[in-house]
Amino acid sequence: MAVWATAGASVVAFMGIGLVDPILPSIAKGLNASNSQVSLLFTSYFLITAVAMLVTGFVSSRIGGRKTLLAGLALVVVFAALSGTSSSVGELVGFRAGWGLGNALFVSTSLAVIVGAAAGGSAAAILLYESALGLGMACGPLLGAVLGDMKWRYPFFGTAVLMAIGFLAITVFLKEQPRPARKTSLLDPIRALGHGGLASAAVSAFFYNYAFFTVLAFTPFVLDMSPYKSGGVFFAWGVLLAVFSVLLAPRLQRRFGSLRVLGGSLLLLAVDLVVLGYGDHATAVVCTVVSGAFIGLNNTVFTELALDVSDAPRPVASAGYNFVRWFAAAAAPFLAPKIAEWTDVRVPFVVAALAAAVGAGVVAVRRRALTLRAEELEPRHATEDGVAVFANQ
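Residues numbered from 1 in each chain as written. Predicted model: local features only at pLDDT ≥ 70, side-chain atom pairs only at ≥ 80, totals over all residues. Heavy atoms only, no water.

Moving on to the side chain of serine 291. Following the sequence through the fold, serine 291 ends up in helix α12 (residues 281-308). On the basis of relative accessibility, which here comes to 0%, the residue serine 291 falls in the buried class. Residues within four places of serine 291 in sequence aside, it is in contact with Val215, Trp237, Leu269 and Asp272. (Helix = DSSP H or I, 4+ residues; strand = E, 2+ residues; numbered from the N terminus. Buried < 20%, exposed > 50% of the residue type's maximum accessible area, 1.4 Å probe, protein only. Contact = heavy atoms within 4.5 Å.)

Okay, structure coming up:
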């Protein structure tokens, strides 16, 4: 029951990322805000998430996993509910920042808690975690569409209610987990980035994340669809993301090697983004959905590299890697609408495509540093490979 309670809360936590996608135009209209102002909902969320990555290990290694989960859930409940009461876009952006802090505390701790509490072995626990977070990424836009079609405020209240249920379930069913033998310092993730391979993975992922979150945060304005239709598009996008990251990425890695898969997928994403920007409306819809496949592959390989390319403990390596890459997730939602205002609607996708290509270039140039440890690893079970999908998002 402890595992199921944590996994259920994880589904809702990841719903929060794509929840606002279908209702971005509705929020802009309801609060009389511009596209770039509304996109700050993502910027504030991920900016706080990036900084919080330096704090989560410090906190959980001192107060324990259960208390860290509950603290994160409590923050999400409070700030999601406050988001629904916002009377201005400034208030909503601020409340989303608090939401991002809560989500960072919860998500960074939930996998370790699920693995520690599971009785069926770590492989089964990881599979459950993957499935829960894949479901959350796919269903977040649907929840936003269903509730947002009635009123743009309702998805925020709905998330607060669901997370409150998760808080109660974890309070009742989850016992405190053993604390790590060594406490994590605030500077450990920064020191871990001194490793060339981890730094290279983080820099490449930074450029990739810019492309990723241009799709997630800017495309809804370009598609300009009703909440239901936009939610359907991003549900299909999320399904492709989950299928390619969990099922297909491990198979392609075993056949072609991780770095070939990553480089090829980044270049294909770049092509897809250019076509998305210059195609007609139907083409843009198709390219948005197809981008989920490339994003799924990239998520898997990038996270495996981040966890395995250096000798740093996995939680520390993960924190350092995420600290760098989430800054791009904060930048893209703000810059893409601004670039469109300064030029035209196609240019943000060209910039995102160039960012993906730069990410592929970093992989090619730094191939030796990225391969050094990754190629020495024994092949793992597909389930263990698949944890890379969402473990660090």
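Once the structure has been displayed, the description carries forward.
Helical geometry note: an α-helix holds 3.6 residues per turn, so side chains three or four residues apart project in the same direction. Here helix α1 (residues 2-18) is 17 residues long and its end C-alpha atoms lie 26 Å apart, about the 24 Å a rise of 1.5 Å per residue gives. Most of α1 sits inside the fold, with 15 of its 17 residues counted as buried. (Expected span 1.5 Å × (residues − 1).)

A surface patch of nonpolar side chains, about 400 Å² in accessible area, is lined by Leu142, Phe235, Val239, Val243, Leu247 and Leu248. Counting through the fold element by element, valine 239 comes out in helix α10 (residues 227-256). Note on valine 239: relative accessible area 34%, which makes it partly exposed. (Patch = residues over 30% accessible without salt bridge, like charges linked within 9 Å, V, L, I, M, F, W, Y side chains within 5 Å. Areas by Shrake-Rupley, 256 points an atom, 1.4 Å probe, with all protein chains shown as cover. Salt bridge = Lys/Arg side-chain N within 4 Å of Asp/Glu carboxyl O.)

With that settled, the discussion passes to the pattern of salt bridges. The final tally for this structure, using the stated rule, is one salt bridge. Here arginine 191 and aspartate 188 are joined by a salt bridge, their closest N and O atoms 3.0 Å apart. Note that arginine 191 and aspartate 188 are positioned in helix α8 (residues 188-192) at a spacing of three residues, about one turn of the helix. The class for arginine 191 is exposed, based on a relative accessible area of 54%.

The next thing to look at is the packing of helix α9 (residues 196-223) against α10. Running from amino to carboxyl end, α9 crosses α10 at an angle of 155°, the nearest separation of the two axes being 11 Å. Here α10 runs roughly antiparallel to α9, going by the angle between their axes. Remark: the crossing between α9 and α10 carries right-handed chirality. Of the residues in α10, those in contact with Phe212, Val215, Leu216, Thr219, Pro220 and Leu223 of α9 are Ser230, Val233, Phe234 and Trp237. Here the residues of the contact of α9 with α10 sort into eight nonpolar, two polar and no charged. (Axes fitted to C-alpha atoms, helices over the stretch in contact; angles between N-to-C directions. Parallel < 35°, antiparallel > 145°, perpendicular 65-115°, else oblique. Left-handed = near helix turned anticlockwise from the far one by under 90°. Nonpolar A, V, L, I, M, F, W, Y, C, P; charged D, E, K, R; others polar.)

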